[in-house]
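Fold and geometry: a report
Below, each chain spelled out in residue letters.
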Amino acid sequence: MSDEQPRFELEFQPAHGQAVPVAEDVLRITVNNPGPFTFHGTNSYIVGRNSLVVIDPGPADDAHFSALMAAIGDRPVSHILVSHTHRDHSPLSRRLKAATGALIVAEGPHRPARPLHEGETNPFAESSDTDFVPDVKVGDGDRIEADGFSLTAILTPGHTANHAAFALDGSGILFSADHVMAWATSIVAPPDGAMGDYMASLERLLTRDDRIFLPGHGGPVREPQSFLRGLRTHRRMRERAVLERIKAGDRLIPDMVKVIYASTDPRLHGAAALSVLAHIEDLVEKGLVITEGPPRLTGTYMPA
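Every value quoted in this text rests on a predicted model; they were computed, and no experiment measured them. (Residues numbered from 1 in each chain as written. Predicted model: local features only at pLDDT ≥ 70, side-chain atom pairs only at ≥ 80, totals over all residues. Heavy atoms only, no water.)

The subject of this paragraph is the overall build of the chain. When helices and strands are tallied, the chain shows 6 helices and 14 strands. Each of the three principal axes of the chain carries a C-alpha extent, and together these read 65 × 40 × 35 Å. Across the 304 residues that make up the chain, the buried fraction comes to 53%. Put simply, of all contacts in the chain between residues at least 6 apart along the chain, 64% involve residues at least 24 apart. Carbon and sulfur atoms form 51% of the exposed surface of the chain, whose accessible area is close to 13,100 Å². Looking at charge distribution, the chain has the averaged site of its 29 positive side-chain charges lying 3 Å from that of its 39 negative ones. (Helix = DSSP H or I, 4+ residues; strand = E, 2+ residues; numbered from the N terminus. Buried < 20%, exposed > 50% of the residue type's maximum accessible area, 1.4 Å probe, protein only. Contact = heavy atoms within 4.5 Å. Areas by Shrake-Rupley, 256 points an atom, 1.4 Å probe, with all protein chains shown as cover. Lys, Arg positive; Asp, Glu negative; His and termini not counted. Charge placed at Lys NZ, Arg CZ, Asp CG, Glu CD.)

For the rest of this paragraph, the subject is the nonpolar core. Ranked by internal contacts, the top residues of the largest apolar core, which has 20 residues, are Val26, Ile55, Leu81, Leu151, Leu168 and Phe175. Those elements that provide at least two residues to this core are strand E3 (43-48), strand E4 (52-55), strand E9 (150-155), strand E10 (164-168), strand E11 (173-177) and strand E12 (212-215). At 3 residues, the largest contribution of residues to this core is made by E10. Residue contacts for isoleucine 55: discarding those within four places in its chain leaves Asn43, Ser44, Tyr45, Val47, Leu81, Leu151 and Phe175. (Core = buried A, V, L, I, M, F, W, Y, C linked by side-chain atoms within 4.5 Å.)

Here we come to the pairing of E9. The buried fraction of E9 is high, at 5 of 6 residues. Pairing between strand E8 (residues 143-145) and E9: 3 bridges, direction antiparallel. The residue of E9 that forms the bridge with glutamate 145 is serine 150. Counting the residues that bridge the hairpin from E8 to E9 gives 4 residues, and of these glycine 148 lies at a positive phi of roughly 90 degrees. Bridging between E9 and E10 involves 5 bridges; their strand directions are antiparallel. (Pairing = 2+ DSSP bridges.)

Now for the packing of aromatic side chains. Taken as a whole, this structure holds 5 aromatic pairs when the rule is applied. Note on phenylalanine 8 and phenylalanine 227: the rings are 6.0 Å apart at their centroids and 80 degrees apart in plane angle, and the pair reads as edge-to-face. Of the two residues, phenylalanine 8 sits in the segment before strand E1 (20-23) while phenylalanine 227 sits in helix H4 (residues 224-247), which places them 219 residues apart along the sequence. The exposure class of phenylalanine 8 is partly exposed, given its relative accessible area of 31%. Look at phenylalanine 227 and you get buried, because its relative accessible area is 2%. Relative to phenylalanine 124, the ring of phenylalanine 37 has its centre 6.3 Å away and its plane inclined at 70 degrees; by these criteria the two rings are edge-to-face. (Phe/Tyr/Trp six-rings, centres within 6.5 Å; stacked < 30°, edge-to-face > 60°.)

Right under this line is the structure:
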């Protein structure tokens, strides 16, 4: 794979509701919640043989709960790991805990990456699981000991402030959730997410030697290092495109989106505007772009 751009993989059979083996002692069950942000649906993972760990149980969906319970059977579940608190990943953790007695493990409750500016609203507020409270909070490098195996929390903020990936120790497998996915780039939308954090998290994963990523949507990332370098290049090119539009005279984010995302599904232009804002926040922080007051979707931007 070239380092110039990531090669996205759009071939994926979701097999909704079915437990699909994806690695030794790892099953994937995909929720039937397809959409422009979820691809074919959210992936939940069941890890273990005799005693289990569930990763990202998903949204409050009766059919998915039944599919998880059928795959679990009569085996005990020790932990429910939650990568982040968007409503397509975390709400079912409460019902699953009630059914299994497992401990819910995550970086922490939902929070924005930065305080909201005066008069600002969070466009992803309805997508956020603000009721979520983990039983166990994990820090970077903390290990979750299960029955015969362990997982290590790798904090990867950017998509959300509380995003975490989980490495299955000794296997080369990283459950990368929404930070790195084979089918598309992750949405980084202020104030929930922050581009500076996201880029730092990419760099963090580039220091590792994982063999495969199992993401929150779509199929596996089979060449993680090449793919990560491609994502980094892609984001840097987006940043350059934003800066070039501002230097060319674009002052408003909607005008930049029309050019930079001309070939993107119009349903995603709202998210694209937030991505441009995330880049602008980073460019203002770096001193390359200026604006009056804090960066906003409605702000006016000029080159420094």
